[in-house]
Amino acid sequence: MEKKQFQAESKRLLEMMINSIYSQKEIFLRELISNASDAIDKIYYKALTDDSLSFDKDNYFIKVSADKENRTLKISDTGIGMTKEELENNLGIIAKSGSLAFKNENELKDGHDIIGQFGVGFYSAFMVADTVTVITKALGHDAAYKWESQGTDGYTIEPCDKVEVGTEILLKIKENAEDENYDEYLEEYRLKAIIKKYSDFIRYPIKMEVTEKRPKEGSENEFEDVQEEQIINSMVPIWRKNKNELTPEDYENFYIEKHYGFDKPIKHIHISVDGAVRYNAILFIPEQIPFDYYSKEFEKGLELYSNGVLIMDKCSDLLPDYFSFVKGMVDSEDLSLNISREMLQHDRQLKLIAKNINKKIKSELQSLLKDDREKYEQFYKSFGRQLKYGVYSDFGRNKDVLQDLLMFYSSTEKKMVTLDEYVSRMAEDQKYIYYASGESYDRIEKLPQTEVVAEKGYEILYFTDDVDEFAIRMLMTYKEKEFKSVSSGDLGIEAEEAQEQTDSEESENKALFDYMKEVLAGKVKDVRVSKRLRSYPVCLSTDGEVSIEMEKVLSAMPDNQNIKADKVLEININHEVFNSLKDAFEKDKEKVNLYTNLLYNQALLIEGLPIHDPVEFTNDICKIMV
Ligand code: ADP
Ligand code: MG
């Protein structure tokens, strides 16, 4: 038997192939199954134009069988097979694709399913096998041939016997190495999982001999192993089916089968686009937050398929961060892949698809908000935070996309409302969109700072997420209305006379306030007459950009830069406590010190801020008690 050598370049190429093109060894099975599918497709396409050929789908299948004892894995197909010349050309010359040639010869342009194009996938078999044997008989030929190779040192071809037309690829699986377990490629469950993962939507059945545990006949608690041939793949991708024929259950089953989540998705989005880039996508909005969602470990992305074959299981470029909760897949025949088919050559198509998908997700969420409020709120409970992060991050670049999807709890409606709803309800004389921040709705409800705004009958949005105030600062306005914290300096509510009045009250009590300011030196920036308090004696407000809630969030961050809010202690001069304070100021400065500290600490407590010296605080309380 004459031994032929690979061309020198091919040898080097082969070594590269085996060692460095693919990031995962398991894809060899995807490549061999794709080739088998192509081989069957070729008969299918030939039959379209050749009357002497008929294509009865039942006769065409791919079979995967493992033999643990002999360490062999066989992938056989009933496809078109190869002649001796084709064996030489297609398997003897690396980067020569018989399938690409077939597409060109038969002028298959659009909508075809042939996968092969680079002429390298076959050699990925050497990543897991020492010896690869190909036994094949071409359609319309009597002779069968056997091709065999151990990799880089060349291959042999000799005649052999084979009854049916088609091809068998026999892999002698490598022995386990120190850092690599090859046994797994002989394990039924593993092979099944690889087929499901990459080749689930190959159009022809992929059969496998599967061992099932079954109850023994005539016995209830004894089991026996039964061998059974099963079809592993789903074959027809759901995204190619007619939308009208699919039920919500079909989508739910797909969601579960593809392991997108264990929950029941809130909504599915089925997209078929036949434009500049053709693609199909099935997307899901999950109901529940994946356990690692708000952690660094979470990886966003959609599955990316090219012609029904999985290329990437988490293509992150397809989703913006603010929609990272979306699960699902995209299939396109227009992607230009690189030879490993793990990456894309150009991302122009991908960018187009991503842009498209992004728009679609937004509009679907918007219609959910409009048409099924309850479901939207359920969604928002899980992922609203992510939308708010989206408003805040990238310097607010995406705020316009997201602002209409936001919701906050409303003081007057006692439920979640959108900004649009808030603004449309605003009173004529109301200048701002008011909000109050705190730990919980309950606590915010009791914040003294909300008193005057609430008294006016204005609606207040309650912010309980860390990110809320940051997001709103980024948004700045909604429909030209500015956001205003109920704790901020000017609330835009006082009439002018009232302003003059507080000014005169301020000067009247200047000496006292200056004194108090001194007592609280370093702790507050100012002590002032409050315009917002009604029943409470004190509260804190802030001047400047950083609010108290923001200070709390920032100080909890790992790279805490000790950013502080400029705090102002506001005193309700209509409160009885103020009389005691004035009284003390005339008679007993010690007492003013005591009262000032007490009032300041009370204000801190109301804000949920820590008291600098709790022991001193309790001692102070005892002092006034005795
Ligand atoms: P590609 O599939 O990108 O063309 P491969 O290296 O996977 O490249 O395969 C090279 C060529 O070998 C294919 O184009 C095809 O002509 C031929 N071939 C591979 N496997 C089979 C098969 N099972 N049946 C028939 N032809 C095959
Ligand atoms: Mg191939």
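> Whenever I open this one, the domain arrangement of the protein chain confuses me. Can you help?
Many descriptions give the size of an interface as the accessible area lost when the pieces come together. With domains assigned, the protein chain is organised as domain 1 (3-231), domain 2 (238-371), domain 3 (381-493) and domain 4 (494-626). A C-alpha centroid distance of 32 Å is found between domain 2 and domain 3. Taken together, the 16 residues of domain 2 in the interface contact 15 residues of domain 3. Together, the buried faces of domain 2 and domain 3 total about 1300 Å²; carbon and sulfur atoms form 70% of this surface. The largest share of the area that domain 2 buries against domain 3 comes from Tyr294, Tyr322 and Leu369, three residues that together contribute 47% of it. Where domain 2 meets domain 3, there are zero salt bridges. At the boundary of domain 2 with domain 3, the tally comes to six residue pairs in polar contact (both at pLDDT 80 or more). Of the residues that constitute the side of domain 2 that touches domain 3, the class distribution is 10 nonpolar, three polar and three charged.

> What is the right way to look at the site of ligand 1 in this model?
In the vicinity of ligand 1 lie 19 residues, with Asn35, Ser97, Gly98, Ser99 and Gln117 positioned nearest. Between ligand 1 and asparagine 35 there is a distance of 2.8 Å, counted from an oxygen atom to a side-chain nitrogen or oxygen. Between ligand 1 and the protein, one listed contact pairs an oxygen atom with a backbone N or O atom of phenylalanine 118 at 3.0 Å. When ligand 1 sits alone it has 530 Å² of accessible area, and the protein chains cover 96% of it. Sorting the residues of the shell around ligand 1 by element identifies α2 (27-49), α3 (84-92) and α4 (98-105) as the ones contributing at least two each. Tallied by class, residues from the shell around ligand 1 come to six nonpolar, 10 polar and three charged.

> Can you help me understand the sheet that holds strand β5 (residues 155-160) in this one?
Backbone-to-backbone hydrogen bonds pair the strands of a sheet. The strands run either parallel or antiparallel. An order of β5-β4-β3-β6-β2-β1-β7-β8 is seen for the eight strands of this open sheet, with the pairing classed as mixed. Strands at the two margins of the open sheet, each flanked by one partner only, are β5 and β8 (223-231). Across the sheet, the mean angle from the axis of one strand to that of its neighbour is 20°, orientation sign disregarded. Bridge analysis of strand β3 (residues 129-137) against strand β4 (residues 144-149) gives six bridges, and the strand direction is antiparallel. Residue pairing in the sheet places threonine 133 in a bridge with glutamate 148 of β4.

> What is the right way to look at the pattern of salt bridges in this model?
Pairs can form between side chains of opposite charge whenever their charged atoms are close. Per the counting criterion, the structure on display carries 49 salt bridges. The partner of glutamate 445 in a salt bridge is lysine 414, and the shortest N-O contact between them spans 3.2 Å. Placement of the pair is glutamate 445 in helix α11 (residues 441-445) and lysine 414 in the loop between β14 (407-410) and β15 (416-418), with a sequence separation of 31 residues. One connected set of salt bridges, linked through shared partners, spans Glu26, Glu184, Arg190, Lys197 and Asp313.

> What is the right way to look at the packing of helix α8 (residues 373-392) against helix α13 (residues 468-475) in this model?
If you want to describe how two helices pack, look at the angle between their axes and the distance between the axes. At a minimum axis separation of 8 Å, α8 and α13 run at an interaxial angle of 40°. The orientation of α8 relative to α13 falls into the category oblique. Where α8 crosses over α13, the two elements pack in a sense that is left-handed. Of the residues in α13, those touching α8 at Lys388, Val391 and Tyr392 are Asp468, Phe470, Ala471, Met474 and Leu475. Here the contact of α8 with α13 is composed, by residue class, of six nonpolar, no polar and two charged.

Parameters at a glance
- Residues numbered from 1 in each chain as written.
- Chains lettered and ligands numbered in written order.
- Predicted model: local features only at pLDDT ≥ 70, side-chain atom pairs only at ≥ 80, totals over all residues.
- Heavy atoms only, no water.
- Domains from an automatic or database assignment.
- Contact = heavy atoms within 4.5 Å.
- Buried area = accessible area lost by both parts, 1.4 Å probe.
- Salt bridge = Lys/Arg side-chain N within 4 Å of Asp/Glu carboxyl O.
- Polar contact = N/O pair within 3.5 Å; in protein donor to acceptor, adjacent residues only side chain to side chain.
- Nonpolar A, V, L, I, M, F, W, Y, C, P; charged D, E, K, R; others polar.
- Near = heavy atom within 4 Å.
- Areas by Shrake-Rupley, 256 points an atom, 1.4 Å probe, with all protein chains shown as cover.
- Helix = DSSP H or I, 4+ residues; strand = E, 2+ residues; numbered from the N terminus.
- Pairing = 2+ DSSP bridges.
- Axes fitted to C-alpha atoms, helices over the stretch in contact; angles between N-to-C directions.
- Parallel < 35°, antiparallel > 145°, perpendicular 65-115°, else oblique.
- Left-handed = near helix turned anticlockwise from the far one by under 90°.

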